[in-house]
Amino acid sequence: MLSSLLLFYYASLTFITFCLYGYDKRCAKRNKWRVKESKLHWCALLGGWFGALLGQKVFRHKTTKTRFRRIFWLTLILNIAILFTLLMNINFEPGCF
């Protein structure tokens, strides 16, 4: 049950974050209102880091901004550390997964 919820959570945030990167790239090309970098970072931190990574590769977006990239990798490391800590502190019962 927990693994299904966690998978759904990460898959949803990955999809949303990927779409935000695509939308932001499209807005950048058309010189329109953009998605705040802080919103992109929060989405990555909360679990959408894989979608952010895919969005950067697929859309070639936010790949040259050194400061942005550093913060992105920090959010990825923090998310994995938080997830690992949470999973280690859960008392799993046999058959839970």
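Within each chain, residue numbers correspond to sequence positions counted from 1 in written order. Only residues with pLDDT of at least 70 get local features here, since the model is predicted, and only at 80 or more are side-chain atom pairs given and counted; chain-wide, interface and lining totals rely on the full set of residues. Side-chain numbers here rest on the full set of heavy atoms in the structure, without hydrogens or water.

### A look at the overall build of the protein chain
Thought 1: The helix count covers DSSP runs of H or I at least four residues long, the strand count covers runs of E at least two residues long, and both are numbered beginning at the N terminus. When helices and strands are tallied, the protein chain shows three helices and zero strands.
Thought 2: Counting from the amino terminus, helix and strand elements in the protein chain follow one another as α-α-α.
Thought 3: Each of the three principal axes of the protein chain carries a C-alpha extent, and together these read 55 × 20 × 20 Å.
Thought 4: Each residue is placed in one exposure class: buried if its accessible area under a 1.4 Å probe, protein chains only, is under 20% of its type's maximum, exposed if it is over 50%, and partly exposed if it falls in between. Per-residue burial over the protein chain gives 32% buried out of 97 residues.
Thought 5: Across the protein chain, contacts joining residues at least 24 apart in sequence account for 70% of those joining residues at least 6 apart.
Thought 6: Using the Shrake-Rupley algorithm and a 1.4 Å probe, accessible areas are obtained, with residue cover drawn only from the displayed protein chains. Roughly 7,100 Å² of accessible area belongs to the protein chain as shown, and the carbon and sulfur atoms make up 68% of that amount. The contact definition used throughout considers only heavy atoms, calling two residues in contact when any of these lie within 4.5 Å.

### A closer look at unusual backbone geometry
Thought 1: Although it is not a glycine, Asn-31 adopts a positive phi angle of roughly 55 degrees.
Thought 2: By secondary structure assignment, the location of Asn-31 is in the loop between helix 1 (2-29) and helix 2 (37-59).
Thought 3: Positive phi, normally seen in glycine, also occurs at Arg-60, with a value near 50 degrees.
Thought 4: You can see Arg-60 is positioned in the loop between helix 2 and helix 3 (66-88).

### Some words on the nonpolar core
Thought 1: By nonpolar core is meant a set of buried Ala, Val, Leu, Ile, Met, Phe, Trp, Tyr and Cys residues that side-chain atoms within 4.5 Å join together. Ranked by size, the top nonpolar core spans 13 residues in total, and within it Leu-20, Tyr-21, Leu-40, Ala-44, Trp-49, Ala-52 and Phe-72 carry the most contacts.
Thought 2: Where this core is concerned, the elements lending two or more residues are helix 1, helix 2 and helix 3.
Thought 3: Discounting residues that sit within four places of it in the chain, Ala-44 has contacts with Trp-49, Ala-52, Phe-72, Thr-75 and Asn-79.

### Things to note about the side chain of Thr-14
Thought 1: Looking at the secondary structure, you find Thr-14 in helix 1.
Thought 2: The class for Thr-14 is buried, based on a relative accessible area of 16%.
Thought 3: Ignoring anything within four residues of it in the chain, the contact list for Thr-14 reads Gly-47, Gly-48, Phe-50 and Gly-51.

### As for the packing of helix 2 against helix 3
Thought 1: Lines fitted to C-alpha atoms define the axes here, with helix axes fitted over just the stretch in contact, and angles between the N-to-C directions of these axes take values from 0 to 180 degrees. As a packed pair, helix 2 and helix 3 sit with axes 9 Å apart at the nearest point and diverge in direction by 90 degrees. Comparing the axis directions of helix 2 and helix 3 gives the class roughly perpendicular. Contact residues: helix 2 offers Glu-37, Leu-40, His-41, Ala-44, Leu-45, Leu-46, Gly-47, Trp-49, Ala-52, Leu-53 and Gln-56, while helix 3 offers Phe-68, Arg-69, Ile-71, Phe-72, Trp-73, Thr-75, Leu-76, Leu-78, Asn-79 and Ile-80.
Thought 2: Throughout, the ten residues Ala, Val, Leu, Ile, Met, Phe, Trp, Tyr, Cys and Pro are labelled nonpolar, Asp, Glu, Lys and Arg are labelled charged, and all others, Gly among them, are labelled polar. Residues belonging to the contact of helix 2 with helix 3 are distributed by class as follows: 14 nonpolar, five polar and two charged. Roughly parallel means an angle under 35 degrees; roughly antiparallel means over 145; roughly perpendicular covers 65 to 115; every other angle is labelled oblique.

### Remarks on the side chain of Lys-62
Thought 1: Inspection of the secondary structure puts Lys-62 in the loop between helix 2 and helix 3.
Thought 2: Side-chain polar atoms of Lys-62 contact the side chain of Glu-37, separated by 3.0 Å.
Thought 3: In contact with Lys-62, other than residues within four places in its own chain, are Tyr-21, Asp-24, Arg-34, Glu-37, Leu-40, Phe-68 and Arg-69. Here a polar contact is recorded for every N or O atom pair within 3.5 Å, except that within protein the pair must consist of a potential hydrogen donor and a potential acceptor, and residues adjacent in sequence are included only if both atoms are side-chain atoms.

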